[in-house]
Amino acid sequence: MDKLTKILAAALVLLLLITIAFPSSLVSAATGTTFTKTTYKTTDLLNLRSSNSVSSNRLTTIPNNTSLTSSYRLGDWYKVTYNGKTGYVIGQYLTKVVTGTSFTKTTYQTTDALSLRQAASTSSTRLLTIPTKTTLTSSFRNGDWYQVTYNKKTGFVSGSYLKKVTTASSTAYTTTERLNLRSAPTTSGALLMTIPTNQVVQSLSISSNWHKVTYGGKTGYVMGTYLKKGTASPASTPAGKADYSGAKMFVLTDSGSTVALRSAASVLSGQIARVGRGTPVIVTNSLHKTRGFVAVQTADGRRGYIEATYLTLFQPSPSNRPLIVIDPGHGGHDPGAVRSGLAERDIVLSVARQVASLLEGKVDLTLTRYTNDYYPTLGDRSAMSNAHSTSRFVSIHVNASTALSASGAESFYYKGSTSVQLAQAIQQRLTSYAGMRNRNIHFANYAVIRGTQAPAVLAELGFLSNSTDRAKLASPTYQARYAQAIADGILATL
Ligand SMILES: [Zn+2]
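What counts, and at which threshold
- Residues numbered from 1 in each chain as written.
- Predicted model: local features only at pLDDT ≥ 70, side-chain atom pairs only at ≥ 80, totals over all residues.
- Heavy atoms only, no water.
- Axes fitted to C-alpha atoms, helices over the stretch in contact; angles between N-to-C directions.
- Helix = DSSP H or I, 4+ residues; strand = E, 2+ residues; numbered from the N terminus.
- Parallel < 35°, antiparallel > 145°, perpendicular 65-115°, else oblique.
- Contact = heavy atoms within 4.5 Å.
- Nonpolar A, V, L, I, M, F, W, Y, C, P; charged D, E, K, R; others polar.
- Buried < 20%, exposed > 50% of the residue type's maximum accessible area, 1.4 Å probe, protein only.
- Arc of directions from axis to C-beta.
- Polar contact = N/O pair within 3.5 Å; in protein donor to acceptor, adjacent residues only side chain to side chain.
- Left-handed = near helix turned anticlockwise from the far one by under 90°.
- Donors = N, O, S within 2.8 Å, 3.2 Å for Na, K, Ca; no water.
- Phe/Tyr/Trp six-rings, centres within 6.5 Å; stacked < 30°, edge-to-face > 60°.
- Lys NZ or Arg CZ within 6 Å of the ring centre and 35° of its normal.
- Core = buried A, V, L, I, M, F, W, Y, C linked by side-chain atoms within 4.5 Å.
- Domains from an automatic or database assignment.
- Pairing = 2+ DSSP bridges.

J.: I tried to follow the packing of helix α8 (residues 467–474) against helix α9 (residues 476–493) on my own but got confused; where do I start?
T.: In helix packing, the relevant descriptors are the interaxial angle and the interaxial distance, both defined with respect to the helix axes. Two numbers describe how α8 lies on α9: the axes approach to 5 Å, and their chain directions differ by 85°. As summarised for this structure, α8 and α9 are arranged roughly perpendicular, according to the angle between their axes. Contacts from Asp469, Lys472, Leu473 and Ala474 in α8 reach Pro476, Tyr478, Gln479 and Tyr482 in α9. In terms of residue class, the contact of α8 with α9 is made up of 5 nonpolar, 1 polar and 2 charged.

This is the structure in structure tokens:
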């Protein structure tokens, strides 16, 4: 034997020895794992091969997004059957399909030691055991099996051994002034947002007059000085429930009697004038309402304070004019659709204000909000209309879509033939006055029109995501046309 033959022979002997000494180590390379039958989806075009190697025969190609089941794998290769052909696909392009229901994230405690399983079944592989009294969260379940993560492993546990945990108690407070929400319990903490007056916040903890609170999905710190325990509004009139800065309101007293316009927000302060029932005033600042007063300006320019309980949004009788509520959508922490620096919140308020001035003297009208930094809830908006014998309710919105070509105006109604007529009257005019593409009127189960008793319409003026519509929505000329369309549409159906 020459030198090379000797080396080869030695290697052959060595290989034979290894095979005898460690037979399982060589066999295991070809042994796969059997597991509970699992459904997968392909995430790409995928080759089905005759064995667990890219060099093996390609049997066919499986399209993307195909459902496959497997219960056997060899390394990262999964045995699957597709179109009558059985072979192997690489696991990298498979994603597990989990069937079940999503729900609001809930905290649970285990009532016993229990198995975390790979799938929602007692026959599925047990990943580990979770000790009793462990806190877990879940937001997905399949029947009575809850998906949880424990020790970095995600799987399913049986709901029979889970007890719902009520989260740490928080106390409701109401803001008595506009209040800064900060990132830290100090005035130098970063400003997260300004919370409007009369908003309910949940206080989680208190430390030296700083409350840790959640509001509008944000958690931060506010000074306790401007919080009042509970959720009750300071006064029962609309003026007591919201920030009506900028609103036109009316003095509501018994016929023939008057109330004081005072120099300060106190019954002890001097009287500037006495004002009678039905006197219109402009609210210059409703922040004083926590002391029971609202700052106002009269038509002849006198500024002073009136007790909030003597103010109302609608002109009191003997006005027989129809009552109209215009609802500029969104507001405050909720800007609505935003594109190119333009916010739906601001556009719809501008249009709503113009509707109000166009209808001045023809109807009694109020807006659900008069400022851009106040957000009335959808319930507040309907409740405001429902508290009066309102004739028409129009909620103004602006659309947006990821499809940049989507454009035009559309109007929605929920119930009643008058709502349908109102939707038609407004829709027709949005199209003709402002040249909007006509997307027609539609039924829609939107909370704000569903919750309102009066004939109600939600009008979408146009798409902020479409450049042609956006130019109109931003233009004062077109805003005036939208307002005219809504005002005329309302008048046409009264
Ligand atoms: Zn909107």
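There's more to say after this.
J.: I tried to follow α8 on my own but got confused; where do I start?
T.: Think of an α-helix as 3.6 residues a turn; residues three or four steps apart then line up on the same face. Every buried residue belonging to α8 is among Asp469, Arg470, Lys472 and Leu473, and all of these are buried. Here the buried residues of α8 occupy an arc of 160° about the axis, which is enough to place them on one side. Measuring from the backbone nitrogen of Thr468 back to the side-chain oxygen at the start of α8 gives 3.0 Å, which picks out Asn466 as the cap.

J.: Teacher, can you tell me more about the packing of helix α6 (residues 417–434) against α9 here?
T.: At a minimum axis separation of 8 Å, α6 and α9 run at an interaxial angle of 150°. One element, α6, and the other, α9, form an angle in the roughly antiparallel class. Where α6 crosses over α9, the two elements pack in a sense that is right-handed. Of the residues in α9, those in contact with Gln421, Leu422, Ala425, Ile426, Arg429, Leu430, Tyr433 and Ala434 of α6 are Tyr478, Arg481, Tyr482, Gln484, Ala485, Ile486, Asp488, Gly489, Ile490, Ala492 and Thr493. Residue classes in the contact of α6 with α9 are distributed as 12 nonpolar, 4 polar and 3 charged.

J.: What is the right way to look at the coordination of the zinc ion in this model?
T.: In a perfect tetrahedron of four donors around a metal, the angles come out at 109.5 degrees. In a perfect octahedron of six, they are 90 or 180 degrees. In the first shell of the zinc ion, the protein supplies His330 (NE2), Glu344 (OE) and His397 (ND1), at 2.0 to 2.1 Å from the metal. Sequence spacing among the residues donating to the zinc ion works out to H-x13-E-x52-H. Of the two residues, His330 sits in the loop between β29 (323–328) and β30 (338–339) while Glu344 sits in helix α4 (residues 344–359), which places them 14 residues apart along the sequence. According to the relative accessible area criterion, His330 is buried, its value standing at 17%.

J.: Explanation requested: the packing of aromatic side chains in the structure shown.
T.: Aromatic ring pairs are reported here in terms of the distance separating the ring centres and the angle at which the planes meet. Applying the stated rule across the entire model yields 8 aromatic pairs. With 6.4 Å between their ring centres and 70° between their planes, Tyr413 and Phe443 make a pair best called edge-to-face. Remark: Phe443 occurs in strand β35 (residues 438–443) and Tyr413 occurs in strand β34 (residues 409–413); sequence separation between them is 30 residues. Its relative accessible area of 19% is what places Tyr413 among the buried residues. Over the face of the ring belonging to Tyr72 we find Lys79, whose NZ or CZ atom lies 5.7 Å from the ring centre.

J.: What should I look at first to understand the nonpolar core in this one?
T.: Within soluble globular proteins, side chains that are nonpolar tend to cluster in buried spots. Of all hydrophobic cores here, the largest spans 54 residues; its most connected members are Ile306, Ile326, Val355, Leu365, Ile396, Leu461 and Ile486. When residues of this core are assigned to domains, at least three map to each of domain 4 (238–312) and domain 5 (323–493).

J.: Explanation requested: the pairing of strand β5 (residues 77–82) in the structure shown.
T.: Side chains on a regular strand alternate between the two faces of the sheet. Two strands pair when backbone bridges link them, and strand β4 (residues 67–74) and β5 are joined in this way by 2 bridges, in the antiparallel orientation. Residue pairing in the sheet places Arg73 in a bridge with Tyr78 of β5. Between β4 and β5, which pair antiparallel one after the other, the connecting turn spans 2 residues, and Gly75 there sits at a positive phi close to 60°. Bridge count for β5 against strand β6 (residues 85–90) is 6 bridges, and the pairing is antiparallel. In the sheet register, Thr81 faces β6, and the bridge partner there is Thr86.

J.: What am I meant to see in unusual backbone geometry here?
T.: It is generally the case that most residues other than glycine have a negative phi and that most peptide bonds are trans. One non-glycine residue with positive phi stands out, namely Asn65, at about 70°. Among the structural elements, Asn65 can be located in the loop between β3 (58–62) and β4. Overall, Asn65 belongs to the exposed group, its relative accessible area being 53%. For Asn440, which is not glycine, the phi dihedral falls at a positive 70°. Its location among the elements puts Asn440 in strand β35.

J.: Hey, could you run me through the sheet that holds β35 in this one?
T.: What holds strands together in a sheet is hydrogen bonding between their backbones, with the strands either parallel or antiparallel. As summarised here, the arrangement of the 6 strands in space is β32-β29-β33-β36-β34-β35, forming an open sheet in which the pairing is mixed. Since the sheet does not close on itself, it has two edges, and those belong to β32 (364–367) and β35, each with one partner. If you compare each strand with its neighbour and ignore which way they point, the axes differ by 20° on average. Two elements, β34 and β35, share 4 bridges in a ladder whose sense is parallel. Residue pairing across strands places Ser411 opposite Ile441, the latter belonging to β35. Seen against the sheet, α4 touches β29, β32, β33 (392–399) and β36 (456–463) and runs at an angle of roughly 145° to β33. Packing of helix α5 (residues 378–386) onto the sheet brings it into contact with β29, β32 and β33, and relative to β29 it is tilted by some 170°.

J.: Got a minute to help me understand the side chain of Thr298 in this structure?
T.: For Thr298, the position within the fold is in strand β26 (residues 293–298). Thr298 gets classed as buried once you look at its relative accessible area, which sits at 10%. Of note is the side chain of Thr298, whose polar atom sits 2.4 Å from the side chain of Asp300. Once you skip the residues sitting within four places of it in the chain, Thr298 turns out to touch Leu261, Pro280 and Val281.

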